[in-house]
Amino acid sequence: MRIKQLRTERKLRQADVARILNVTPEAYSMWENGVRQMSLSNLVVLARFYGVTLEYLVGISSERWTEGSLSSEEESLLVWYKQLDDADKGLIAAMARNLAANKKYDSR
């Protein structure tokens, strides 16, 4: 399973991921260390959170994303964005709108 790899790539702590899954850090640690098996529903939550396929998450496939899914850079941006309060999210949205409205991006 690649749950530790994905967590460390995003510089998250076990406690951060445990909070997403609504479990204790100890329970998450047991899953990450292979002591216990994670439920399918928790695997689905993590696959969606990390933006990867279930097959990639559990180590069956080397294909990380399905067509049309997010790149690792986009995933990282979303992780950071989700940590912001509403005021800062508004600032980021305004900045993105202003940048996208720039004539430099019209030809894309």
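Residues numbered from 1 in each chain as written. Predicted model: local features only at pLDDT ≥ 70, side-chain atom pairs only at ≥ 80, totals over all residues. Heavy atoms only, no water.

**Regarding a nonpolar patch on the surface**
For the record, the criterion: A patch is a set of surface residues, each over 30% in relative accessible area and not in a salt bridge, joined within 9 Å for like charges and within 5 Å for the nonpolar side chains Val, Leu, Ile, Met, Phe, Trp and Tyr. Areas reported as accessible are Shrake-Rupley estimates using a 1.4 Å probe. Residue values count occlusion only from the protein chains shown. Salt bridges are defined by distance alone: a side-chain nitrogen of Lys or Arg within 4 Å of a carboxyl oxygen of Asp or Glu. Secondary structure follows DSSP: runs of H or I at least 4 residues long count as helices, runs of E at least 2 residues long count as strands, and numbering of each begins at the N terminus.
Together, Leu 78, Tyr 81, Ile 92, Met 95 and Leu 99 make up an exposed nonpolar region whose accessible area comes to about 440 Å². Among the elements of the structure, helix 6 (72–82) and helix 7 (86–101) are those that each provide at least two residues to the nonpolar patch. It is helix 7 that contributes the most residues to the nonpolar patch, three residues altogether. Tracing the chain through its elements places Met 95 in helix 7.

**Observations regarding the packing of aromatic side chains**
Put simply, the rule is: Centres within 6.5 Å make a pair out of two Phe, Tyr or Trp rings, where for Trp the six-membered ring is used; the pair is then stacked when the planes are under 30 degrees apart, edge-to-face when over 60, and tilted otherwise. Exposure is judged per residue with a 1.4 Å probe applied to protein chains only, and the accessible area is read against the type maximum: over 50% gives exposed, under 20% gives buried, and values in between give partly exposed. Should the NZ of a Lys or the CZ of an Arg lie within 6 Å of a ring centre and within 35 degrees of the ring normal, that charge is described as sitting over the ring.
The tally for this structure, following the rule as stated, stands at one aromatic pair. Ring centres 5.0 Å apart and planes at 65° place the aromatic pair Phe 49 and Tyr 50 in the edge-to-face group. On the basis of relative accessibility, which here comes to 18%, the residue Phe 49 falls in the buried class. Classification of Tyr 50 by relative accessible area gives buried; the value is 0%. The aromatic ring of Tyr 56 is capped on one face by Arg 2, whose charged end is 4.0 Å from the ring centroid.

**Brief notes about the packing of helix 2 (residues 14–21) against helix 4 (residues 40–50)**
Angle between the axes and distance between the axes: these two values describe a pair of packed helices. The cut-off we apply is this: Axes here refer to lines fitted to C-alpha atoms; in helices the fit is confined to the stretch in contact. Angles between the N-to-C directions go from 0 to 180 degrees. Left-handed describes a crossing whose near helix is turned anticlockwise from the far helix through less than a right angle; right-handed describes the clockwise counterpart. By definition, residues are in contact when any of their heavy atoms lie within 4.5 Å. Under the scheme applied, nonpolar residues are Ala, Val, Leu, Ile, Met, Phe, Trp, Tyr, Cys and Pro; charged residues are Asp, Glu, Lys and Arg; polar residues are all the others, including Gly.
For the pair helix 2 and helix 4, interaxial distance at closest approach is 10 Å and the crossing angle is 115°. Handedness of the helix 2/helix 4 crossing: right-handed. Counting all contacts with helix 2, which are made through Val 17, Ile 20 and Leu 21, the residues of helix 4 involved are Asn 42, Val 45, Leu 46, Phe 49 and Tyr 50. Residues of the contact of helix 2 with helix 4, tallied by class, amount to seven nonpolar, one polar and no charged.

**Focus: the confidence of the model for the chain**
For clarity, the threshold we go by: Each residue gets a pLDDT score, which is the predictor's confidence in that residue and runs from 0 to 100.
Put simply, the chain has an average pLDDT of 88, and 93% of its residues get 70 or more. Predicted confidence in the chain is weakest over helix 6, with a mean pLDDT of 81, and strongest over helix 3 (residues 25–32), with 97.

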